Amino acid sequence: MKLEMLTQSIGEWLRGTGPESDIVMSSRVRLARNVAHYPFVGRASEQDRADVERFLRERIATVPIGQGLEYIDVGHLEEIDRQFLVERQLISREHADAQGARSVAIDRMEQVSLMINEEDHLRIQCMHSGLDLRGAWEQIKVVDDQIEKVVPYAFHPRWGYLTACPTNVGTGIRVSVMLHLPALVITRQIDKVFRSLHKISLAVRGLYGEGSQATGDFYQISNQTTLGKTEEELVEQVGDVVPVLIDYERRAREFLVRETQQNVHDQVSRAYGILRTAQTISAEETMQLLSRVRMGVLLGLIGDVKISDINVLLVRTQPAHLQKLRGVELDSNDRNIERARYLRQHFEGDDAGARASIN
Amino acid sequence: MKCQQCDKPAVFHITELESGAVRELHLCEDHARNYLNQSELNQSDGPDAGGAQESEEGSPAAGDLPGPLGVGHTAGELAILDQRACAMCGITFFEFRNQGRLGCPHDYVQFENELEPLIANIHGSAEHAGRRPSRAAVEAVKQPNQPQAPLPPQVALPAGTDELTMVIGMRREMKEAIACEDYEKARENRDAIRAIEERWSLEER
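This is a predicted model, so every value here is computed, not measured.

Cut-off values and rules
Residues numbered from 1 in each chain as written. Chains lettered and ligands numbered in written order. Predicted model: local features only at pLDDT ≥ 70, side-chain atom pairs only at ≥ 80, totals over all residues. Axes fitted to C-alpha atoms, helices over the stretch in contact; angles between N-to-C directions. Helix = DSSP H or I, 4+ residues; strand = E, 2+ residues; numbered from the N terminus. Parallel < 35°, antiparallel > 145°, perpendicular 65-115°, else oblique. Contact = placed C-beta atoms within 7 Å. Nonpolar A, V, L, I, M, F, W, Y, C, P; charged D, E, K, R; others polar. Left-handed = near helix turned anticlockwise from the far one by under 90°. Buried ≥ 20, exposed ≤ 12 C-beta atoms within 10 Å, placed from the backbone.

**Student:** Kindly report on the packing of helix H12 (residues 319-326) of chain A against helix H13 (residues 332-348) of chain A, identifying the contributing residues and their values.
**Tutor:** All names here are of chain A. Between H12 and H13, the shortest axis-to-axis distance is 10 Å and the interhelical angle comes to 75°. With respect to their mutual orientation, H12 and H13 come out roughly perpendicular. Residues Pro-319, Leu-322 and Arg-326 of H12 form the contact with H13, whose own contacting residues are Arg-335, Glu-338, Arg-339 and Tyr-342. A class-by-class count of the residues in the contact of H12 with H13 yields 3 nonpolar, no polar and 4 charged.

In structure tokens:
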């Protein structure tokens, strides 16, 4: 598969559609699986890793879901291309930075991705736009069932699916939603929300997973435990809390409009202004400002921008995406200049095809 | 590696987590015992004793007391446990403790008793309640939870997919046999691997 094809398309989670998509960016379910007759990746020899990679690839090709998959040989990719896949959320940072034979298989919709030889031999991921954990779970179940028919998963009758790290053992499931919570951040309620999430053993992470700093008010909420509950229960555990968070965020947004309308309008207008006129801008600042503009659009304070456009800009202004789109490798200074130019063109320039009519 | 406090070889490698910061210690047996005695005492002062520096509360200076019985024993026990290795992939319990990652599926059988409290602590449960692969379910027979002597590789465990995992150890043995030119043994290993793989219908097509 040519990565260039991906730069032209937009990933599933960026479509900006689906239920509650004003707040819920995407819903994701991930399953960790290992092949029973090989050591876990961390202890596997170079040969073992290559064998596992080939074994999984060959077996998965024999089942129906295997037909629609495109493989990318991550082990032989340039760093910028690996970074590109991370930004796209198709592979994890760990998978990008690992050593040895490894690959990722992606379906055409960019909903399903299979990471081979990440921390576990196989990590199945299914991502849907908006709030649709059930849909993602139903889809990943089909994928898992098909692969299970041709691949002997390491399994223990008492401890379930066996994983390299005991924190994933059992169901091997990680259920997560990515939320955009700018009003809770502005009204300084976000820490309180997170503390209560920790109490019910849910984890909170930034946009780009494990250990990442939350930027631009985007947060991932996921289950922390994987053993002792059924997959459905764990899907519900995360799913049940989302409507509550959505309600908090909506109320905080209403509060902002009601009590500080002028102030908020000023903030989002300034953010919009910088994005449209800046001559050099970092990825972090871009994300922060796009987050504000996104909220402004949803509050009806900015009229001529589409939510799906902002979602796309969020990813296309990331370092690797920007460089792929421009077709050259750039150092960080040049990237900042190029990013600013890209944003100006997008908002003001000729390629305003994506622009809706100005109110 | 040398002990951080004297010239003897460091045999204890301790990672301390203190209010979010990580501190690594590499100590010989004597200094490790001293250190462990001290930290054990500090802890027994109460959960928030805050270490030896803050003793204005009037609690006895920790370092001056002889270690309570059992502490040295615990360290010794840990040292023995640390040297135990998985019969399949060869990972030692020490390596697992250091890396936080297991070496192969059989570790869950080999170190079952040691992992049990850890897993229960992480998940608040030690019983899988979710889906089961149809393949493993056929083989699944409830395993009595008891300490196990290391099994010779050819003995199949009637639980989950552990029989298939045995292939990892047999492959290792086969490589070793080839390295010492013991082709008879290597052939036996190869046949045993084939037998298991065929039972799980994994033979190369």
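**Student:** I'd like a rundown of the interface of chain B and chain A, residues and numbers included.
**Tutor:** Each partner contributes residues to the interface: chain B has 39 residues there, and chain A has 33 residues. Secondary-structure elements contributing two or more residues to the side of chain B that touches chain A are helix H5 (112-123), helix H6 (134-139) and helix H7 (162-179) of chain B. Looking at the side of chain B that touches chain A element by element, the count peaks at 5 residues for H5 of chain B. For the side of chain B that touches chain A, the class distribution of residues is 20 nonpolar, 13 polar and 6 charged.

**Student:** Help me get a handle on the packing of helix H4 (residues 79-87) of chain A against H12 of chain A, residues and values and all.
**Tutor:** Residues and elements named next belong to chain A. Following both chains from N to C, one finds H4 and H12 inclined at 120°, their axes separated by 8 Å at the closest point. Considering the angle they form, H4 stands oblique to H12. Between H4 and H12 lies a crossing whose hand is left-handed. In this structure, H4 uses Ile-80, Gln-83, Phe-84 and Glu-87 to contact H12, whose residues at the interface are Pro-319, Ala-320, His-321, Gln-323 and Lys-324. Class assignment of the residues belonging to the contact of H4 with H12 gives a composition of 4 nonpolar, 3 polar and 2 charged.

**Student:** How would you sum up H12 of chain A? Please name residues and give values.
**Tutor:** Structurally, the α-helix is built with 3.6 residues per turn, so residues lying three or four positions apart point the same way. Residues and elements named next belong to chain A. Here H12 has its buried residues at Ala-320, His-321, Leu-322, Gln-323 and Lys-324. Taken together, the buried residues of H12 touch helix H1 (3-8), H4, helix H11 (307-316) and H13. The first or second residue beyond H12 is Gly-327, which carries a positive phi of 75°.

**Student:** Describe the environment of Leu-181 of chain A, naming the residues involved and giving the relevant values.
**Tutor:** Residue and element names in this part refer to chain A. With respect to the helices, strands and loops of the structure, Leu-181 is situated in the loop between strand S8 (173-180) and helix H7 (182-186). By the C-beta count within 10 Å, which is 24 here, Leu-181 ends up buried. Sequence-wise, Leu-181 and Met-295 are 114 residues apart; in three dimensions their C-alpha atoms are separated by 8.9 Å. Not counting chain neighbours up to four residues away, the residues in contact with Leu-181 comprise Ile-190, Asp-217, Tyr-219 and Glu-249.

**Student:** An account of unusual backbone geometry is needed here, citing residue identities and associated values.
**Tutor:** All names here are of chain A. Phi is positive for Glu-20, close to 55°, though the residue is something other than glycine. With respect to the element layout, Glu-20 can be found in the loop between H1 and strand S1 (24-33). Residue Glu-20 is classed as partly exposed on the basis of its 18 C-beta neighbours within 10 Å. In this model, Arg-188 sits at a positive phi of 55°, which is unusual for a non-glycine residue.

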